[in-house]
Amino acid sequence: QVQLVESGGDYVQPGGSLRLSCVVSGFTLDYYAIGWFRQTPEEEREGVSCINSSDGRTYYADSVKGRFTISRDNAKNMAYLQMHSLKPEDTGVYYCAASYGNRYCTRHEYDYWGQGTQVTVSS
C-alpha cells in the first residue's frame, strides 16, 4: 500500500531552521511529483513547494522563495523541505503529497498524502 510519512516538525524561534523529511513506501519515487503543503486553522491547505518527476522543475510559494528548498532522493524514496529564516507565519501543519507524473502545486492534483507534521515558529 502507498504510504507517506513526514517528520522533522518542531517548535522553533523566528530565524531558526528545520528540515522536513518525507519517506515514501509502496511505490518507487522516480516518476512521481512531490509536494509540500501547509494547513492552518485559518487557511485551507495550500502548496508551499513542489517538485516534478521527469523535468525536475520546482515551484515555491512567493512567501517562501529564497528561504525554503525542496529536494528529492529517488534512490532512498525520500523527499525533503529545508526551511531557513523561519517566520511566525510559516507555522502550520505540513503535509507531504505525491502524484504520478509531472504536476503543478495545487492540492487537487495530488493523490497520496502523509499524516502531517507540526511546525511552530514562535518566541
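Structural data are supplied above this passage.
A brief look at the structure comes next.

How each quantity is defined
- Residues numbered from 1 in each chain as written.
- Predicted model: local features only at pLDDT ≥ 70, side-chain atom pairs only at ≥ 80, totals over all residues.
- Heavy atoms only, no water.
- Salt bridge = Lys/Arg side-chain N within 4 Å of Asp/Glu carboxyl O.
- Helix = DSSP H or I, 4+ residues; strand = E, 2+ residues; numbered from the N terminus.
- Buried < 20%, exposed > 50% of the residue type's maximum accessible area, 1.4 Å probe, protein only.
- Core = buried A, V, L, I, M, F, W, Y, C linked by side-chain atoms within 4.5 Å.
- Contact = heavy atoms within 4.5 Å.
- Pairing = 2+ DSSP bridges.
- Phe/Tyr/Trp six-rings, centres within 6.5 Å; stacked < 30°, edge-to-face > 60°.
- Lys NZ or Arg CZ within 6 Å of the ring centre and 35° of its normal.
- Axes fitted to C-alpha atoms, helices over the stretch in contact; angles between N-to-C directions.

## Some words on the pattern of salt bridges
Part 1: Applying the stated criterion across every chain yields a total of 5 salt bridges.
Part 2: Between arginine 38 and glutamate 46 there is a salt bridge, with its nearest N and O atoms 3.4 Å apart.
Part 3: Its salt-bridge partner being arginine 67, residue aspartate 90 comes within 2.8 Å of it at the nearest N-O pair. Of this pair, aspartate 90 sits in the loop between β8 (78–83) and β9 (92–100) while arginine 67 sits in the loop between β6 (58–60) and β7 (68–73), and the two are 23 residues apart along the sequence. Neither residue differs from the other here; aspartate 90 and arginine 67 are each classed as buried.

## Side note on the nonpolar core
Part 1: Ranked by internal contacts, the top residues of the largest apolar core, which has 27 residues, are Trp36, Phe68, Leu81, Met83 and Tyr94.
Part 2: Contributions of two or more residues to this core are made by β3 (18–25), β4 (32–39), β5 (46–51), β7, β8, β9 and β11 (117–121).
Part 3: Excluding anything up to four places from it in sequence, tyrosine 94 contacts Glu6, Leu20, Trp36, Phe37, Arg38, Val48, Phe68, Leu81, Met83, Gly116, Thr117 and Val119.
Part 4: The next biggest cluster of nonpolar side chains, apart from the first, holds 6 residues, and it includes Ala33, Phe37, Cys50 and Ala97.

## Focus: the pairing of strand β1 (residues 3–7)
Part 1: With burial as the criterion, only one face of β1 is covered, namely that bearing Leu4 and Glu6; the residues Gln3, Val5 and Ser7 on the opposite face remain uncovered.
Part 2: Across 5 bridges, the pairing between β1 and β3 is antiparallel. The partner of glutamine 3 across the bridge, within β3, is serine 25.

## Focus on the packing of aromatic side chains
Part 1: Inspection of the entire model under this criterion finds 6 aromatic pairs.
Part 2: Between phenylalanine 27 and tyrosine 32 the ring centres are 4.1 Å apart and the planes differ by 40 degrees, which places this aromatic pair in the tilted class. Pair check on accessibility: phenylalanine 27 and tyrosine 32 agree, each one buried.
Part 3: Pairing phenylalanine 37 with tryptophan 113 gives two aromatic rings, centres 4.9 Å apart and planes at 55 degrees, and the pair type is tilted. Here tryptophan 113 lies in strand β10 (residues 112–113) and phenylalanine 37 lies in strand β4, a separation of 76 residues in the sequence.
Part 4: The class for phenylalanine 37 is buried, based on a relative accessible area of 0%.
Part 5: Here the aromatic cluster, defined as three or more aromatic residues joined through ring pairs, consists of Phe27, Tyr32, Tyr100 and Tyr112.
Part 6: The ring of tyrosine 95 carries arginine 45 above its face, with NZ or CZ at 3.7 Å from the centroid.
Part 7: When the ring centre of tryptophan 113 is taken as origin, the NZ or CZ atom of arginine 45, which lies over that ring, is 4.9 Å away.

## What to know about the sheet that holds β7
Part 1: In spatial order, the strands read β1-β3-β8-β7; together these 4 strands make up an open sheet with antiparallel pairing. The outermost strands of the open sheet, each flanked by one partner alone, are β1 and β7. Here the average twist between neighbouring strands, direction ignored, is 15 degrees.
Part 2: Inspection of the sheet shows β3 paired to β8 by 6 bridges, in the antiparallel sense. Residue arginine 19 lies in a different strand from β8, and its bridge partner there is glutamine 82.

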